[in-house]
Amino acid sequence: MSKKSAAPAGCPCGGPSYAACCGPYIDGAAIAPTAEALMRSRYTAYGLRNESYLLATWHPSTRPTEPIMSDEEKLQWLGLEVKSALRLRQRKAKVAPEASNPDRDTVEFVARFKVNGRAQRLHEISNFVREPAEGGARWFYVDGSFPE
């Protein structure tokens, strides 16, 4: 076991601390301002096994109806690397203005984890949409693809 220190632990997503990073979104005190912030908070919620937050931030059109977590599966999240926010990269490539939609974004990431002690990695390009919701416009996870 690790020693306890007076310094706050870093956020599971790689941020400075849970309270200054994903905590306010997961706890409902704030709304994630960007697709990347939502994606990071969803990664953290997976680590905390907070299924209700994951479902609440999943777009209704693709939200699973079955449970997404299993008590039998021994899952340990090890780290997150955000590869890119594709919208920013597309802007730099001077994509046609009509192709740039501020209410849609894509985030590419690699999450490392262990399932029943076996190391694995998830490389996903996640699609997000921002829509009006209770408390103002909110980002929602829609779906993802898995590049080679």
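The rules we used
Residues numbered from 1 in each chain as written. Predicted model: local features only at pLDDT ≥ 70, side-chain atom pairs only at ≥ 80, totals over all residues. Heavy atoms only, no water. Core = buried A, V, L, I, M, F, W, Y, C linked by side-chain atoms within 4.5 Å. Buried < 20%, exposed > 50% of the residue type's maximum accessible area, 1.4 Å probe, protein only. Helix = DSSP H or I, 4+ residues; strand = E, 2+ residues; numbered from the N terminus. Contact = heavy atoms within 4.5 Å. 1 Å grid on protein atoms, 1.4 Å probe; cavity = no way out; pocket = protein on both sides within 12 Å on 5 of 7 lines; lining within 4 Å. Points joined across faces, edges and corners; volume = space filled by probe spheres on them. Disulfide = S-S within 2.5 Å.

Draft legend 1. Structural context of the nonpolar core. In this structure, Cys-13, Cys-22, Leu-38, Met-39, Tyr-53, Leu-80 and Phe-128 are the most contacted members of the largest nonpolar core, which totals 24 residues. Listed by contribution, the elements that provide at least two residues to this core are α1 (23-26), α2 (35-48), α3 (51-56), β2 (104-115) and β4 (136-145). Dropping the residues within four chain positions of it, Met-39 is found in contact with Leu-80, Val-82, Val-107, Phe-109 and Phe-128.

Draft legend 2. Inspection of the layout of surface pockets at higher detail. In this structure, the largest pocket spans a volume of roughly 290 Å³. As for the largest pocket, its lining consists of 15 residues, of which Tyr-46, Phe-109, Leu-122, Glu-124 and Tyr-141 are closest to the centre. For the lining of the largest pocket, the elements supplying multiple residues, two or more each, are α2, β1 (75-85), β2 and β3 (118-133).

Draft legend 3. Main features of the state of the cysteines. Here the structure, examined in full by the defined rule, presents zero disulfides. We note that Cys-21 lacks a disulfide partner, and the nearest cysteine sulfur, in Cys-13, lies 3.5 Å from it. A disulfide-free cysteine, Cys-22 has its sulfur positioned 3.6 Å from the sulfur of Cys-11, the nearest such atom. Looking at Cys-22, the relative accessible area reads 1%, which means it is buried.

Taken by themselves, the reported measurements are silent on function.
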